[in-house]
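One-letter residues, chain by chain:
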Amino acid sequence: MAVFDGLKGFKVTFGQMVQPRVTKQYPEEKRKKPGRFHGRHVLNRYEDGSEKCIGCELCAGVCPAGCIYVRGKDNPPDAPVSPGERYGYVYEINFLRCIHCDLCVEACPTEAITESKILEFSFTSRREAIYTKKELVVNNDGTPKRLPWEDWRVGDDELTSGWMRATSPGGAKDYEGLVHWSGELGQGVRKPEAGQSGLKDEDASPRYMIRQVESDRISKRHGGRVR
Ligand code: SF4
Ligand code: SF4
């Protein structure tokens, strides 16, 4: 009887032995990261290759950790770096301080700064922890730079502007699925995030730019004469 009671005590243990394993052999094997994962930042470009950053310093102002340093400079008239009057001449992020809160991403008026999904990076000196424009601005094909000390895996460079694709889930229903962000080099205009009222991600499409909505509204007000 005592043996039977002992076996009964192992019921949960034996039950777990036949369950599928959930342990991953990290870092060789990694879990898929969520769409809005906050990893190492990137500085984006427009589809024509120009830089989105206009050197306004809003990201630096809002950062609670004080880890962004930006200096803006007037665009050279003959070879502008960005479409604005100014561009980010110096841009630095100190990743020893960054807490990946994404407030800089939310504050940015041009969607210049967003985050990739890479978190596996380390440094051997304080200098290496300070990323400059050279490391942060995306490649000529729009993908993030893969630095030698970073462990990039499949998917870490996808949807670097993940959270921006959410379209008014708590606001006016009419705005759900409406794209109000600009295209990115190598990516075009990204699809809106779905799943907020039954719409699935695979069914979402950049179907209607917000400026078109505005243009239609103004046109209607003027009896269809404005385009
Ligand atoms: S994610 Fe947060 S802490 Fe990091 S640079 Fe942006 S605002 Fe600063
Ligand atoms: S990243 Fe955005 S908020 Fe920061 S300086 Fe550039 S444009 Fe301004």
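Here, every reference points to the structure presented above.
Summary of the structure given here. Each residue is numbered by its place in its chain's sequence as written, counting from 1. Both sets of labels track the order of writing: A upward for chains, 1 upward for ligands. Given that this is a predicted model, residues contribute local features only at a pLDDT of at least 70 and side-chain atom pairs are listed and counted only at 80 or more, while totals for whole chains, interfaces and linings are drawn from all residues.

## As for the site of ligand 1
What counts, and what does not: Any residue whose backbone-placed C-beta atom lies within 6 Å of a molecule or strand is treated as near that molecule or strand. Polarity classes work like this: nonpolar for Ala, Val, Leu, Ile, Met, Phe, Trp, Tyr, Cys and Pro, charged for Asp, Glu, Lys and Arg, and polar for all others, with Gly in that last group.
The local shell around ligand 1 holds 13 residues, among which C63, A65, C98, C101 and C104 are the closest. For the shell around ligand 1, the residue count by class is 11 nonpolar, one polar and one charged.

## Considering unusual backbone geometry
Quick note on the threshold: Helix numbers and strand numbers start at the N terminus; a helix is a DSSP run of H or I with at least 4 residues, a strand a run of E with at least 2. Here exposure depends only on C-beta density: within 10 Å of a residue's C-beta, 20 or more other C-beta atoms make it buried, 12 or fewer make it exposed, and intermediate numbers make it partly exposed, the C-beta atoms being placed from the backbone.
Across the junction of Y26 and P27, the peptide omega takes the value 10 degrees, indicating a cis bond. Of note, P27 is situated in the loop between α2 (11-17) and β1 (41-43). Even without being glycine, D102 reaches a positive phi, approximately 75 degrees. Within the secondary structure, D102 is located in the loop between β3 (86-94) and α4 (103-107). The exposure class of D102 is partly exposed, given the 15 C-beta atoms found within 10 Å. Although it is not a glycine, E111 sits at a positive phi angle of roughly 60 degrees. Structurally, the position occupied by E111 is in the loop between α4 and β4 (113-115).

## Quick notes on the site of ligand 2
As a structural note, the neighbourhood of ligand 2 is formed by 14 residues, with C53, C56, L58, C59 and C108 the closest of them. Considered class by class, the residues forming the shell around ligand 2 number 10 nonpolar, three polar and one charged.

## What to know about the sheet that holds strand β5 (residues 130-131)
In sheet architecture, strand pairing relies on hydrogen bonds along the backbone and comes in two forms, parallel and antiparallel. Applicable threshold: Strand pairing follows a simple DSSP-based rule, namely that at least 2 bridges must link the two strands.
Within the open sheet, the three strands sit side by side as β2-β3-β5. Their pairing is antiparallel. With partners counted over all chains shown, the strands left at the sheet margins are β2 (68-74) and β5, one partner each. One ladder, built from two bridges, connects β3 with β5; its direction is antiparallel. Counterpart to N94 in the pairing with β5 is I130.

## Points about the nonpolar core
Rules: What makes a nonpolar core is a set of buried Ala, Val, Leu, Ile, Met, Phe, Trp, Tyr and Cys residues, with links drawn between C-beta atoms within 7 Å. Note on contacts: residues are paired as contacts if their backbone-placed C-beta atoms lie within 7 Å.
Counting residues in each nonpolar core, the largest one holds 21 residues, and the members touching the most others are L43, C59, C104, I113 and L136. The biggest single contributor to this core is β3, with three residues. Every residue in contact with C104, bar those within four places of it in the chain, is listed here: C59, V62, C63, I68 and I113.

## Side note on the environment of D156
Examined against the element boundaries, D156 turns out to sit in the loop between α6 (133-136) and α7 (210-221). Once the C-alpha coordinates of D156 and R40 are considered, the two residues, 116 residues apart in sequence, prove to be 9.8 Å apart. In this view, D156 contacts S116, K117 and I118; residues no more than four positions away in its chain are not counted.

## Some points on the pairing of β3
Two strands pair when backbone bridges link them, and β2 and β3 are joined in this way by seven bridges, in the antiparallel orientation. Bridge pairing links K73 to Y87 in β3.

## Topic: the environment of G39
Along the chain, the position of G39 falls in the loop between α2 and β1. Classification of G39 as partly exposed rests on a count of 19 C-beta atoms within 10 Å. Sequence spacing of G39 and S116 is 77 residues, and the spatial spacing of their C-alpha atoms is 5.1 Å. Here G39 is in contact with E115, S116, K117, I118 and L119, once residues within four sequence places are set aside.

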